[in-house]
Structure formats: C-alpha cells, structure tokens
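Residue strings, one per chain:
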Amino acid sequence: MSPRTGLAALLPLLVLVAAGCGDGSSRQEGPDPAPDPGATVAALDCAEPPAPPAEVAAFGQDDLPDPWSGADQVDATIRTTCGDVVVELAAAQAPQTVASFTFLAEQGWWEDSPCHRLTTSGIFVLQCGDPTGTGRGNPGYGYGIENAPADGTYPAGTLAMARTQDPQSNGGQFFVVWEDSQLPTQGGGYSIFGRVTEGLDVVRAIAAQGVQGGAADGAPAQPVSILEVEVEVDEGR
C-alpha cells in the first residue's frame, strides 16, 4: 500500500479487496472535517459486535453470477450492530455489481463481518464487506467497473464498490459515502451501485466517533459489524 501523503495518495483506501494487497504502511493523520450543519447524526445505540466468522466461504470465478436482468431497482437492508442501513440498488446502471451483491447476501457472506475502515479527512467513507476484518478479504472472484462517475464526484449516501488497482478486482468490499467526497478517477474510478435511503444518520454517527487512535484513516473508534444483508426485489418496478 502506498503511503498516503495527499488526496491522490488516498486511492489505497478503496483498493483493499484483493488478498495480499498492502504492506502495512502507516496511515495518514489529519484533522476531522468540519461538521455539516445540514447533516443528521443519530444517537448511537450499538450492540457488542460478534467475533468475525472463523471460516469464510470461498468461491471461484465460475461462481460469479450473470449480470442482473430482473427489476431495475432492488432494495437491501444492511443490518449492523449500530442499526439498519437501507439502500436502493441501481440494477440498471450496475447489473453485474447488483447481481454479485445479491448473490453474496443470499449466501450470508457478510454475516458477522466488521466494517474495518473509516476515513474522516479528505474523503469520507465507511468501508465494509470483508468477513476477515483485515481489509484484504475477497469472495474469490472479481469483475469490472460499472457506473463510475467521470468527474469523481460521490455524493453523501452513495454506495460503491472498493477494489484494488486492478479494474477487474471488484468483489465483496463496498463503502458508504457519509459526506460528499471527490475520489480519484485514475484507473476508472469506483462502481456506484446504489444509494442510502434510510440510515445514513447511523453511518454519520459512527463517523462522528472518529478513528481508533485519533487518526483520519483506520478502524472506526466505534466498532460496527454487519449482522446480515437482506435483499428485496420489487418486480413491479
């Protein structure tokens, strides 16, 4: 992982999906961002996170599902130890990502998985989706970038995929943008596959607790884990 010495160097924040990525370099420190007076922050009521799964299911490239061909919009509830985050998935814009997300949710792949990374300066995301909690876990398959904004603008509430520098490395890790962020576009950007419709206040409340050790990039000071992800398809849409 490259040292983070500026916004462009923060690219590795979002490229921790592939096993073995990273060399343990220190994380950039910086001040917390000024609070957005229009942002809503929930009062946190978090349960003790469960231990990460002792064994993580491994899939192969042949297990990658075909791109989504059903309803254009799909709802999902990410149940966490700090509350639910409800998202609307953009199946028409990111059919491969939504198909994979739905497959992994049905397999229970994210059950008891920690959200391992929070950033509070420069870019503002909570990164989850690695059952190992190390930031290096992946489901064993990868696929390409979809629906990445050419200008690198990721508004608050965006749900997007994390990846390595390999544009074909989208897998299981994803992030929620909790404040408007400008992300690097080099290499193709990051696949936007949905938006938060309920529960962004929960993510912001976790972010308000900061990062362990007072840094701007690292494990959340308030531990939070995904308990399960439920996907609901409305065929009438």
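See the structure shown above.
For clarity, every value in this text was computed on a predicted model and none was experimentally measured. (Residues numbered from 1 in each chain as written. Predicted model: local features only at pLDDT ≥ 70, side-chain atom pairs only at ≥ 80, totals over all residues. Heavy atoms only, no water.)

J.: Describe in detail the overall build of the protein, supporting the description with residues and values.
T.: Helices and strands together make up the secondary structure of the protein, namely two helices and twelve strands. For the protein, the N- to C-terminal ordering of α and β elements is β-β-α-β-β-β-β-β-β-β-β-α-β-β. Evaluated residue by residue, the protein yields a buried proportion of 50% over its 237 residues. A separation of at least 24 residues holds for 76% of the contacts in the protein among residues at least 6 apart in sequence. Accessible area of the protein: about 10100 Å², with a carbon and sulfur share of 47%. (Helix = DSSP H or I, 4+ residues; strand = E, 2+ residues; numbered from the N terminus. Buried < 20%, exposed > 50% of the residue type's maximum accessible area, 1.4 Å probe, protein only. Contact = heavy atoms within 4.5 Å. Areas by Shrake-Rupley, 256 points an atom, 1.4 Å probe, with all protein chains shown as cover.)

J.: Tell me what's going on with helix 1 (residues 95-106), and back it up with residues and numbers.
T.: Helix length check: helix 1, at twelve residues, gives a terminal C-alpha distance of 16 Å against a target of 16 Å (1.5 Å per residue), a fit within 8%. Those residues of helix 1 that sit buried are Gln-96, Thr-97, Val-98, Ala-99, Ser-100, Phe-101, Thr-102, Phe-103, Leu-104 and Ala-105. Where helix 1 is buried, its residues touch strand 1 (73-80), strand 2 (83-90), strand 7 (158-161), strand 8 (174-177), strand 10 (192-198) and strand 12 (225-233). Following helix 1 by one or two positions, Gly-108 has its phi on the positive side, about 70°. (Expected span 1.5 Å × (residues − 1).)

J.: So, the side chain of Ser-113: which residues are in play, and what are the values?
T.: If you trace the backbone, Ser-113 turns up in strand 3 (residues 113-114). Overall, Ser-113 belongs to the buried group, its relative accessible area being 0%. Non-local contacts of Ser-113, meaning those with residues more than four positions away in its chain, are made with Asp-130, Pro-131, Ser-225 and Ile-226.

J.: Account for the side chain of Asn-170, naming residues and giving values.
T.: With respect to the element layout, Asn-170 can be found in the loop between strand 7 and strand 8. Asn-170 sits in the buried class, given a relative accessible area of 0%. Among the polar contacts listed, one links the side chain of Asn-170 to the backbone oxygen of Gly-144, at a separation of 3.0 Å. If sequence neighbours within four positions are ignored, Asn-170 has contacts with Tyr-141, Gly-142, Tyr-143, Gly-144, Ile-145, Met-161, Ala-162, Arg-163 and Ser-191. (Polar contact = N/O pair within 3.5 Å; in protein donor to acceptor, adjacent residues only side chain to side chain.)

J.: Lay out the pairing of strand 10 in plain terms, naming residues and giving numbers.
T.: The sheet contact formed by strand 2 and strand 10 spans four bridges and is antiparallel. Its bridge partner being in strand 10, Val-86 is matched across the sheet by Glu-198. Relative to strand 10, strand 7 runs antiparallel, the two sharing three bridges. Following the sheet pairing, Thr-158 is matched in strand 10 by Arg-195. (Pairing = 2+ DSSP bridges.)

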